[in-house]
Amino acid sequence: MEAILNNCLCFFNGVYDVDFVRLTLLLYEEWASYSVFYKYQPIGLIRKYFGEKVGLYFAWLGVYTQMLIPAAIVGVIVFLYGCATVDENIPSMEICDPRNNVTMCPLCDQACSYWKLVTACGTARASHLFDNPATVFFSIFMALWAVLFMEHWKRRQMRLNYIWDLTGFGEEEEVSVRNVKKNKDEKVKLTCSDRLPAYMTTVVMMCLMISVTFAIVFGVILYRISIKAALHMSSYPAARSNIRATVKTTAAIINLIIIIIMDEIYAAIARWLTTLEVPKTDKSFEQRLIFKTFILKFVNAFTPIVYLAFFRGRLVGRPGKYLYVVGSYRMEECAHSGCLMELCIQLCITMLGKQLIQNNLFEIGIPKIKKLLRQRKSEMDTKQEEELNKTLRRHEKDHFLGPFIGLNPEYMEMIIQFGMVTLFVASFPLAPLFALLNNIIEIRLDAKKFVTELRRPIAAKAKDIGIWYNLLRGLSKVAVIVNAFVISFTSDFIPRLVYQYTYSPDGTLHGFTNHTLAFFNVSDFQPGTDPLEPMHLGYKVDMCRYKDYREPPWSTTPYDFSKEFWAILAARLAFVIVFQNVVMLMSDFVDWLIPDIPKDISLQMHKEKILMVELFMKEEQGKRLTMRERNTPQQPRSRPNSHTNCV
């Protein structure tokens, strides 16, 4: 080991004839091993072996993982606060109180019957774990955290640029062979009219793929509606015992499987579309490919989540006048405690499933399967392969490893994870913790893959992470708006505040549950939609309740939106505006407060500039003196006058 370290030290001292086999061994022991997960990455060695571009990726991944530690700690504290206060939450206590004999309207037509509100006790208590006042604080914290993360990375990147002597590096793009065709030694340039069909194809295909994603989500919605009705009609008590949890979990798993499959399809389509466009340079090709892949994968991953957060339960209608799709499918309703719990389940399953299956099992399993297939196709047995390996050189052995396909897939999975962590963090405060645990494994998994399973890529210089930084910055801005809407419209935070400070007789939340329930006269059901078993509860029901702010049936305007509805809507919109502007202002202030360049690096760069200017001035002065000496004519020497004294 000492010999390897000495060899590595010689490498840093400028001796470039390093034995790469020993360097690979050093990287494997100090970086690609799971037993060193708690250590910092040897970014210098990574850069020396793989180049600046790969080194910057692992440096960025290390900074991101490091910054997830405080976010994960605060998220766990917020979750524990919800656990500690669940028994003190008045709305869930009212729902769980059996003395509140509240009869609720059916959740579906005919197959579903009336039900007691107390049966939603478990869902109400679980919702409080994620829907409590601490989530507002956590949303603000995560918005500021995203800004701090971006600033921290900019400073780290500037330090690496200085250490790696990249501060004056300008990327000189080589003309790509994708857009150059030689005809009689002349370059043929494609005009806008030549590229127009490819651009139109790209636009049409992107819209088509996004429409396919929407159609798949709509299909899952129909699955939830139909399976819920089927379980209600089932004669098995086990099937009818926990219908809501069964439907939510199975639908989330189906969404996860579809997301994983469509991700692979979208990646291939994005590459095909980018090839059709024939970009001018390799950098342009890469940026266009990243942008298309990001749009498709982002829509694929977040469309089900956006539906649950902002659309489910709002396009329903009311008892007696429900909204139907595809004929007789009645749109879904949220649970009495809101859709936040279902949103949390979808986020949890999607995030954990993508990390476990797509990011880890695929990265481990697929290379192993490919290796086994290559071995089976080989006609040599084990002994012959060992003899051949002894005769091959290092670079010849590396040729049998998997090809390096670039850093885009690695960046993409982390960017999608960053979106999961920031966009809907108000509904899932444990997201940073799961991301942190995944990234600790991801760093060592990627390291092992780069060192042992992939061919060593051609070293490429880069001074930043490129378009990925712009995507991260855009996501951090969008996250503020999304979390404002989640808190305002998806959770019950605003209705609770409005009730407590406007309608509550004692300034508390006592009576909030009854305040959120509207009345419905069962005689107003549309023909063919009333329950088939109206006596399911053992008594005749004349009036049932449903969650909405509407006028009662005995009002002069029955079932119209009440004044409480409009007051709460105004409060929600006001909260979105105030939250967005305040958090954006705080984020911009933090961005302005923290300099992009560390002070010591800035001073050192300033000193180097002064030294360069002084050196330049000295050289110029020397040149001027030399020119003067050359241009000044030399005068002939005169003999000294001798004076003779006469005696």
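Residues numbered from 1 in each chain as written. Predicted model: local features only at pLDDT ≥ 70, side-chain atom pairs only at ≥ 80, totals over all residues. Heavy atoms only, no water.

(A) Inspection of the overall build of the protein at higher detail. A tally of regular secondary structure across the protein gives 21 helices and ten strands. Sorting the 647 residues of the protein into buried and exposed places 46% on the buried side. (Helix = DSSP H or I, 4+ residues; strand = E, 2+ residues; numbered from the N terminus. Buried < 20%, exposed > 50% of the residue type's maximum accessible area, 1.4 Å probe, protein only.)

(B) Structural detail: the state of the cysteines. Following the criterion strictly, the structure yields three disulfides and no others. Here C108 pairs with C112 through a disulfide, and the sulfurs are 1.6 Å apart. Measuring handedness by torsion sign, the sulfur bridge of C108 and C112 sits at about 95° and is right-handed. Grouping residues by exposure puts C108 and C112 together as buried. (Disulfide = S-S within 2.5 Å.)

(C) Region of interest: the UniProt feature "transmembrane region" (unreviewed entry) in the protein. Under the present numbering, the feature "transmembrane region" (unreviewed entry) in UniProt falls on residues 57-81, 134-150, 203-225, 245-269, 289-310 and 414-437. Annotated as residues 57-81, this span is 100% helix and 0% strand, and its ends, taken at the C-alpha atoms, are 36 Å apart. Regarding residues 289-310, the helix share stands at 100% and the strand share at 0%, and the terminal C-alpha atoms are separated by 30 Å. (UniProt positions renumbered as here; feature names shortened; annotations may be inferred.)

(D) Representation of the nonpolar core in the model. Residues W31, F50, W60, Y64, W145, F149 and F424 are the most contacted members of the largest nonpolar core, which totals 112 residues. The biggest single contributor to this core is helix α4 (residues 52-84), with 16 residues. Judged by nonpolar contacts, the second largest core, of eleven residues, contains M209, Y266, L273 and L289. (Core = buried A, V, L, I, M, F, W, Y, C linked by side-chain atoms within 4.5 Å.)

(E) The arrangement of the side chain of T513 in detail. By secondary structure assignment, the location of T513 is in helix α19 (residues 512-515). Setting aside chain neighbours within four positions, we find T513 in contact with P91, E94, I95, L117 and H336. (Contact = heavy atoms within 4.5 Å.)

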